[in-house]
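# Architecture and fold: a report
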Amino acid sequence: MFVPVTDIFETDDALTVMLEMPGVAKDRVDVRVENDVLTIEGQIDFGVYENLRPLYTEYNVGNYARTFQLSSRIEQDRISAALKDGVMTLVLPKVERAKPRKIHVN
Amino acid sequence: MSTTFSSPFDAIFALQRALDARHQSDWFGSNTAGTGAFPPINIFQQRDDFVAIVELPGVDKVDLEIEAKESTIRISGKKEIGFGTSAGVHRRERASGGFDRTFSLPIDISAEAIRADAASRSAGEHTSVCLYP
């Protein structure tokens, strides 16, 4: 299993996780949350490489998996995922109390 | 009595160096590609054709340019990553920027017959370049 390289950034409303999983199709991705652990797994279709004889190779091909521990500040039921150009984007919305509030000075 | 011209330790040290080199290489790493040139390319033979599969996650095909001349293929473009001005970055592992790679094949290829395919091969957003000799 390969570990996909990942960017994580935070805005006022959510955390966004972007993982690179080239070669993984949308129907071969598994995203789940269990015991506050977010798991992302991507399977490669090795059938693509049938009848291809390698002549020169620079990278390996294999499945991907990575896990992240979620804090209680994430609204786990509203996590969304999208896959585009080999990059999986997960949006993890924050719970209301974790969002920044402006405090007026009297 | 016997005479030996090579030290048995040479063989042991050579084995040690080979094991160290293999261990330090990226072959056992957690990523698919090593720390070599970007984008990494695999070249296969399929009957009389060549198929080059280029690992380009996060690159929009409009930002990709493929040129061919005689036996040489050039792949260039840019990979952009933006977080927005209001975002705070917690982890940054993905690389971005411009790239420009050229590779040659041992035979001349028909530039007109080259076909580039951004998504259908494995439906996983690899870019494959089919090269017809």
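Everything below is about the structure shown above.
Please read these numbers as outputs of a predicted model, since none were measured by experiment.

## Examining the overall build of chain B
The helix and strand inventory of chain B stands at 1 helix and 8 strands. Ordered by position from the N terminus, the helices and strands of chain B form the series α-β-β-β-β-β-β-β-β. Split into buried and exposed, the 133 residues of chain B put 22% on the buried side. Looking at chain B alone, contacts between residues at least 24 apart form 48% of all its contacts between residues at least 6 apart.

## Brief notes about the overall build of chain A
From N to C terminus, chain A includes 0 helices and 8 strands. Taking 106 residues into account, the globule formula puts the C-alpha radius of gyration at 13 Å, and chain A, at 18 Å, lies well above it. By principal-axis analysis of the C-alpha atoms, chain A measures approximately 75 × 25 × 20 Å. Sequence-distant contacts in chain A: of pairs separated by 6 or more residues, those separated by 24 or more amount to 55%.

## Let's talk about the sheet that holds strand β4 (residues 72–79) of chain B
Residue and element names in this part refer to chain B. Read from one edge to the other, the open sheet built from 3 strands follows the order β3-β4-β6, with strand pairing classed as antiparallel. Because the sheet does not close on itself, it has two edges, and the strands there are β3 (64–69) and β6 (97–104). Between one strand and the next, the sheet's axes are offset by a mean angle of 10°, whatever the strand orientation. Relative to β4, β3 runs antiparallel, the two being bridged by 6 bridges.

## Quick notes on the sheet that holds strand β3 (residues 24–34) of chain A
Residue and element names in this part refer to chain A. The sheet built from 3 strands is open, its strands ordered β3-β4-β6 with antiparallel pairing. This sheet does not close on itself; its edge strands, each paired only once, are β3 and β6 (64–69). For this sheet the average axis-to-axis angle between neighbouring strands, irrespective of direction, equals 15°.

## Some remarks on the interface of chain A and chain B
Taken together, the contacts link 34 residues of chain A with 37 residues of chain B. Examining the composition of the side of chain A that touches chain B, we find that 5 residues originate from one element, strand β1 (residues 6–10) of chain A, more than from any other. Its residues assigned to classes, the side of chain A that touches chain B comprises 18 nonpolar, 8 polar and 8 charged. Pairing of strand β5 (residues 53–56) of chain A with strand β1 (residues 41–46) of chain B, which is carried by 3 bridges, proceeds in the antiparallel orientation. Bridge pairing in β1(B) links Tyr56(A) to Ile43(B).

Conventions adopted
- Residues numbered from 1 in each chain as written.
- Chains lettered and ligands numbered in written order.
- Predicted model: local features only at pLDDT ≥ 70, side-chain atom pairs only at ≥ 80, totals over all residues.
- Helix = DSSP H or I, 4+ residues; strand = E, 2+ residues; numbered from the N terminus.
- Buried ≥ 20, exposed ≤ 12 C-beta atoms within 10 Å, placed from the backbone.
- Contact = placed C-beta atoms within 7 Å.
- Rg over C-alpha atoms; globule rule 2.2 N^0.38 Å.
- Pairing = 2+ DSSP bridges.
- Axes fitted to C-alpha atoms, helices over the stretch in contact; angles between N-to-C directions.
- Nonpolar A, V, L, I, M, F, W, Y, C, P; charged D, E, K, R; others polar.

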